[in-house]
Amino acid sequence: MRFPIIFLCFLCQCFGEGTVPDQVHLSFTGDMTEMAVVWNTFAEASQDVYYKKIGIGASSTAKGSSEAWVYGGITRYRHKATMTGLDYFSEYEYTIASRTFSFKTLSNNPQSYKVCVFGDLGYWHGNSTESIIKHGLAGDFDFIVHLGDIAYDLHTNNGQVGDSYLNVFEPLISKMPYMVIAGNHEDDYQNFTNYQKRFSVPDNGHNDNQFYSFDLGPVHWVGVSTENYGYYYTYGMDPVMTQYDWLKRDLTAANSNRAAHPWIFTFQHRPFYCSNVNSAECQSFENRLVRTGWLDMPGLEPLFLQNSVDFGFWGHEHSYERFYPVADRTYWNDPNAYVNPKAPVYLISGSAGCHTPDAWFSDQPWPWSAARNNDYGWSIVTIANRTHVRVEQVSIDKNEQTVDDFWVIKDEGYTHSGEMRRAIPGTKFPAQKCHFKDVACQRSLKEINEEL
């Protein structure tokens, strides 16, 4: 009898004991001759990582660091080591205590690679989990970007759901980088402790893994925390301003370095735009706060436009939605909208699966929304070369069929700009309308009108 992977994990409790390393996962450091590895034990231990090219030479040692942290009365020990001096396009094996794993490095400055992108994936009802692991182990993508809301929740049951989730994914994320960003479900009432302690990202100079960036081939990747905005009333405005100051410097530098990395991709949890009608989130104050700011807090969209961000990947809504190029509630949906786009291209990939039903859409067409689908699923982003990027959405409901497939193409040296948008004006969003029974939507729109 074939048991679902989640059920098998439940039977074995999916978390280790004593000094046995578990939850092993890799991440980029920003230096592509390095690979960071993070793991967990439930007892104090001094553990290093021994690594070498498979079948070649003597092993090297990556010194491990260890930090005890407590959540829900359970003490865990977070371990981290960085494997350095890696050769490009090579296969390595690494050993932690008695456990051995392997991974492959990418080529030097790879001009083509594939990324698995998704958000909002739970341990329970993780509809896409088996599919993602299967395709990852088959080599169908090179690393993962998780757009927040991890495990539902990392801290549930005193953190044991987070333990179990990472152990379910360990066969895959011990072999390829797992790059994450925090969502609202990562707030554990202790300032995102479970997220902060479980994951490693490239250093941003602020000892905070909720925002970071790295370069890989033609793309400058930027992870941004929308939760600094979403929880400012709990944790204050300082995290918003610290991230914004860092982001402004990072995007300015990236925009001036287009010769090396012609694309700028951002990824975050909460969207600027969406058209779901199952809740009032698409008109919520939090989404507008992230996009445009409030009081002394600057929003993110003006900074994205000033620095000609090409792509933005979002989660939060439990659906898939692709937008035409959009800038400040103005869209360009001509037949060649994705050829030299006049604004950033955004998409929501938040339908990987969790304990809540999928989001749904009305039958009303929204002219800025190019494709909508509420099947469970995940996305593959293909960096084809310096001028072509492809996105495909895989449906779990339809036996892994591709339910959306599009290309974004831009000429060498092309970037969109405010001057260009003024010369070729787009179409303003129409006034939002609410279903007559949608009281929450009506209340939210009333607040918007009062602000205006």
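Per an unreviewed UniProt entry, the chain is named Purple acid phosphatase, and its organism is Caenorhabditis briggsae. Its UniProt record gives the chain the following Sequence similarities (unreviewed entry) comment, quoted word for word: "Belongs to the metallophosphoesterase superfamily. Purple acid phosphatase family." As stated in UniProt under Catalytic activity (unreviewed entry), the record for the chain gives "a phosphate monoester + H2O = an alcohol + phosphate".

## A short note on the side chain of Arg270
As for its placement among the helices and strands, Arg270 is situated in the loop between strand E16 (263-267) and helix H8 (285-292). Judged by relative accessible area, which is 6%, Arg270 ranks as buried. Side-chain polar atoms of Arg270 contact the side chain of Glu227, separated by 2.7 Å. In contact with Arg270, not counting residues within four places along its chain, are Asn184, Thr226, Glu227, Gly230, Tyr231, Glu286, Asn287, Trp314 and His316.

## Focus: the confidence of the model for the chain
With 92% of its residues at a pLDDT of 70 or more, the chain has an overall mean of 92. The low-confidence segment residues 1-15 (pLDDT under 50) makes 25 contacts with residues lying over four places distant or belonging to another chain.

## Describing the sheet that holds E16
The seven strands are arranged E14-E15-E16-E19-E23-E20-E24 in an open sheet whose pairing can be described as mixed. Edge positions in the sheet fall to strand E14 (212-216) and strand E24 (369-373), since each of these pairs with one other strand and no more. Across the sheet, the mean angle separating the axes of adjacent strands is 15 degrees when strand polarity is ignored. Relative to strand E23 (residues 345-349), strand E19 (residues 311-314) runs parallel, the two being bridged by four bridges. When the sheet's bridge partners are listed, Phe311 is paired in E23 with Val345.

Calculation criteria
Residues numbered from 1 in each chain as written. Predicted model: local features only at pLDDT ≥ 70, side-chain atom pairs only at ≥ 80, totals over all residues. Heavy atoms only, no water. UniProt positions renumbered as here; feature names shortened; annotations may be inferred. Helix = DSSP H or I, 4+ residues; strand = E, 2+ residues; numbered from the N terminus. Buried < 20%, exposed > 50% of the residue type's maximum accessible area, 1.4 Å probe, protein only. Polar contact = N/O pair within 3.5 Å; in protein donor to acceptor, adjacent residues only side chain to side chain. Contact = heavy atoms within 4.5 Å. pLDDT = per-residue confidence, 0-100. Pairing = 2+ DSSP bridges. Axes fitted to C-alpha atoms, helices over the stretch in contact; angles between N-to-C directions.

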